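Below are the chains, spelled out letter by letter.
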Amino acid sequence: MSDPARDVADLVAALLRALPAADLAALTEGRARLAVVPLDAAPPADRTIPTGRPAAAPARPSTRRAASAPDPAAARAALETMSRRDDGTAYLSGWTARDLRVLAASLELRGVAGLRKADLVERIVDRTIGFRLASAAIRRL
């Protein structure tokens, strides 16, 4: 039976060996961090699904909503692991305004119906990461 901690350590070591020198330098200088983000959290904005067809002109954007919306519970869990507002902003920037409003509602934010996407992201980050950072700062006083 294998040790899960050992398996994870091996995976992290392999990841670090594959990183470019600039990324390793950023990690050691504290300008970058490794984070654990659940796979079912918001998908990256640049994720593509291979179709097997030759690349052609980009397809027209669909006016229909994507079949699977990000899960607000998974998003809250991912935001709880983040310790910088910038990380939360980057995480949420690929979301649609509709999905951000669903997340805001799950966080019990009020008055978000007319907000622009950037304002929604800012309010959500303030409610989650910003609240936690402010609470930690107050406790240190």
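For the structure itself, look to the data block above.
Residues numbered from 1 in each chain as written. Predicted model: local features only at pLDDT ≥ 70, side-chain atom pairs only at ≥ 80, totals over all residues. Heavy atoms only, no water.

A. Spotlight on the overall build of the protein chain. Helices and strands together make up the secondary structure of the protein chain, namely 6 helices and 0 strands. Mapped from its N terminus to its C terminus, the protein chain presents α and β elements in the order α-α-α-α-α-α. Considering only intrachain contacts with a sequence separation of at least 6, the fraction spanning at least 24 residues in the protein chain is 54%. (Helix = DSSP H or I, 4+ residues; strand = E, 2+ residues; numbered from the N terminus. Contact = heavy atoms within 4.5 Å.)

B. Expanded view of the pattern of salt bridges. On inspection of all chains with the given rule, the structure shows 3 salt bridges. The partner of D126 in a salt bridge is R85, and the shortest N-O contact between them spans 2.4 Å. With a gap of 41 residues between them, D126 in helix α6 (residues 117-140) and R85 in helix α4 (residues 85-92) connect regions that are remote in the sequence. Exposure remark for R85: the relative accessible area of 37% places this residue in the partly exposed category. (Salt bridge = Lys/Arg side-chain N within 4 Å of Asp/Glu carboxyl O. Buried < 20%, exposed > 50% of the residue type's maximum accessible area, 1.4 Å probe, protein only.)

C. Representation of unusual backbone geometry in the model. A positive phi is found at E108, a non-glycine position, where the angle reads about 60 degrees. Positionally, E108 belongs in the loop between α5 (97-106) and α6. In this structure E108 comes out as exposed when scored by relative accessible area, which is 55%.

D. How the structure looks around the packing of helix α3 (residues 72-80) against α4. Viewed as axis vectors pointing N to C, α3 and α4 meet at an angle of 150 degrees, and their least axial separation amounts to 10 Å. One element, α3, and the other, α4, form an angle in the roughly antiparallel class. Along this stretch, α3 crosses α4, giving a crossing that reads as right-handed. Contact residues: α3 offers A74, A75, A78 and L79, while α4 offers G88, Y91 and L92. (Axes fitted to C-alpha atoms, helices over the stretch in contact; angles between N-to-C directions. Parallel < 35°, antiparallel > 145°, perpendicular 65-115°, else oblique. Left-handed = near helix turned anticlockwise from the far one by under 90°.)

E. Here's a closer look at the environment of I129. Here I129 shows up in helix α6. Its relative accessible area of 0% is what places I129 among the buried residues. Put simply, I129 and R84 are 45 residues apart on the chain and 6.8 Å apart in space, counted from C-alpha to C-alpha. Once you skip the residues sitting within four places of it in the chain, I129 turns out to touch L79, M82, S83, R84, R85 and G88.

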